[in-house]
Amino acid sequence: MALKGKYWREDRNAPFAILLGTVETHCHPEAYDEAYEDLIQRARHPKGDASINDFKEQLRTALQDTSKLPEDSLFTAAQYSDGSDDKFLSRLWRDLYPNEPLPAS
């Protein structure tokens, strides 16, 4: 099944829906002014919440093998300028979890 467009908006159980929805909300250039900082605070909160914990797990999975992400989905969600999914996700992990090593691929 080819997943195109912003499929994660329609189906929260779709592959990487939580990761992509969170990235779109907090990392897209058109996100609200403090969106990225809000994501950093949520990620670093000691207790976290179910949503950010699910996000972290999907981020870890994507970092281990970006080929599992549907084609162009991450770029659609983030409109990143890092050059590749790997580079964007690595930067995101380092920004959110600076005291944890990057997940091994």
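Residues numbered from 1 in each chain as written. Predicted model: local features only at pLDDT ≥ 70, side-chain atom pairs only at ≥ 80, totals over all residues. Heavy atoms only, no water.

Caption draft 1: Molecular detail of the environment of A78. Within the element layout of this structure, A78 appears in helix 4 (residues 73-78). It is 15 Å that separates the C-alpha atoms of A78 and T66, two residues lying twelve residues apart in sequence. Sequence-distant contacts of A78, that is, excluding residues within four places in its chain, are made with V23, C27, H28, P29 and F88. (Helix = DSSP H or I, 4+ residues; strand = E, 2+ residues; numbered from the N terminus. Contact = heavy atoms within 4.5 Å.)

Caption draft 2: Inspection of unusual backbone geometry at higher detail. A positive phi angle, close to 65 degrees, is found at D72, a residue other than glycine. For D72, a relative accessible area of 47% puts it in the partly exposed group. Located in the positive-phi region is Q79, a residue other than glycine, with phi close to 50 degrees. With respect to the helices and strands, the residue Q79 is situated in the loop between helix 4 and helix 5 (85-96). (Buried < 20%, exposed > 50% of the residue type's maximum accessible area, 1.4 Å probe, protein only.)

Caption draft 3: Up close: helix 3 (residues 50-64). With 15 residues, helix 3 extends 21 Å from end C-alpha to end C-alpha; this agrees with the ideal 21 Å at 1.5 Å per step. Those residues of helix 3 that fall on the buried side of the exposure criterion are I52, F55, K56, Q58, L59, A62 and L63. Of the surrounding secondary structure, the elements contacted by the buried residues of helix 3 are helix 1 (17-27), helix 2 (35-44) and helix 5. The backbone nitrogen of S51 lies 3.0 Å from a side-chain oxygen of the residue at the head of helix 3, namely D49. (Expected span 1.5 Å × (residues − 1). Polar contact = N/O pair within 3.5 Å; in protein donor to acceptor, adjacent residues only side chain to side chain.)

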